[in-house]
Amino acid sequence: MILCKKKEHKVCLNNSTWQHELCSEFNQSYMHNLKTFLRSEKDQRKVIYPHSSNWFHALKITQLKNVKIVILGQDPYHQPKQAHGLCFSVLPGIRPPPSLINIYKELRTDLKIDPSEHGYLEYWAKQGVLLLNNILTVEDSNANSHRGKGWEQLTDKVISIVNEKCDNVVFMLWGGNAQKKAAVTNDLKHLVLKAPHPSPLSAYRGFFGCRHFSQANTYLQHHGKRPIDWSLPNN
């Protein structure tokens, strides 16, 4: 875990707003326990994804004041060279995984946007789409291995901060785990959209046809915000 060189045990987010809002959270006992767990995993020479420099990449690239949409994933991709701190996104040069391919299929149905050849979603994040996983780390080839270690409490806090500090945000909650976060959102203040997870195991149960992308843009425009350009640059 990347720590500031100060007496307080707090993570450097390179973002004054998030840093201010989360400062006290990083001093909670569960975060100290999480840090101890991650250090133990590394001491056992276990490979953890993403690299520690990207654990908080979603917060670093999408500032709190700019959040328009929140998309929640479960935990990072657990194969080499995939995860980089943005849910559903993979690094350039890596083939889009099945869940992301299904997201692209829904984009084509909903907004007539042709699927991208890559899976690098930073363009969305820079427009105000907070691409946040519920759990921010995972062991190599062991999906959901860091469940219950403390990340869920931190991401609950992140969602509650967005809920409190921002206005008219669209929460896209895909799958049961993501929908649990609805408990810390106010659907009178924000738009909360729910659908099955885009995984091949569940996409046909209601993710396909949910039209969340067009609903989100319509909502943003209605509240005087610029809609998201969901197309992705080829480069």
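Residues numbered from 1 in each chain as written. Predicted model: local features only at pLDDT ≥ 70, side-chain atom pairs only at ≥ 80, totals over all residues. Heavy atoms only, no water.

Colleague: With reference to specific residues and values, describe the environment of valine 70.
Modeller: Tracing the chain through its elements places valine 70 in strand β2 (residues 69-73). With 82 residues separating them along the chain, valine 70 and glutamate 152 place their C-alpha atoms 16 Å apart. The residues touching valine 70, leaving out its near neighbours within four places in the chain, are Leu130, Ile159, Val162, Val169, Val170, Phe171 and Met172. (Helix = DSSP H or I, 4+ residues; strand = E, 2+ residues; numbered from the N terminus. Contact = heavy atoms within 4.5 Å.)

Colleague: Can you break down the confidence of the model for the protein residue by residue, with the values?
Modeller: Mean pLDDT over the protein stands at 92; residues scoring 70 or higher make up 93%. The low-confidence segment residues 1-10 (pLDDT under 50) makes 30 contacts with residues lying over four places distant or belonging to another chain. (pLDDT = per-residue confidence, 0-100.)

Colleague: Summarise the state of the cysteines; cite the residues concerned and give the values.
Modeller: Here, disulfide denotes a covalent bond that connects the sulfur atoms of two cysteines. All told, the structure shown has zero disulfides when counted by the stated rule. The structure places no disulfide on cysteine 210, whose sulfur is separated from the nearest cysteine sulfur, that of cysteine 87, by 14 Å. (Disulfide = S-S within 2.5 Å.)

Colleague: Provide a residue-level description of the packing of helix α4 (residues 98-111) against helix α8 (residues 212-222), including the pertinent values.
Modeller: What describes two packed helices is the angle between their axes and the distance between those same axes. Relative orientation of the contacting elements α4 and α8 amounts to 60°, with a least axis distance of 8 Å. Put simply, α4 runs oblique to α8. Together, Ile103, Glu106, Leu107, Asp110 and Leu111 of α4 and His212, Phe213, Ser214 and Asn217 of α8 make up the contact between the two elements. A class-by-class count of the residues in the contact of α4 with α8 yields four nonpolar, three polar and two charged. (Axes fitted to C-alpha atoms, helices over the stretch in contact; angles between N-to-C directions. Parallel < 35°, antiparallel > 145°, perpendicular 65-115°, else oblique. Nonpolar A, V, L, I, M, F, W, Y, C, P; charged D, E, K, R; others polar.)

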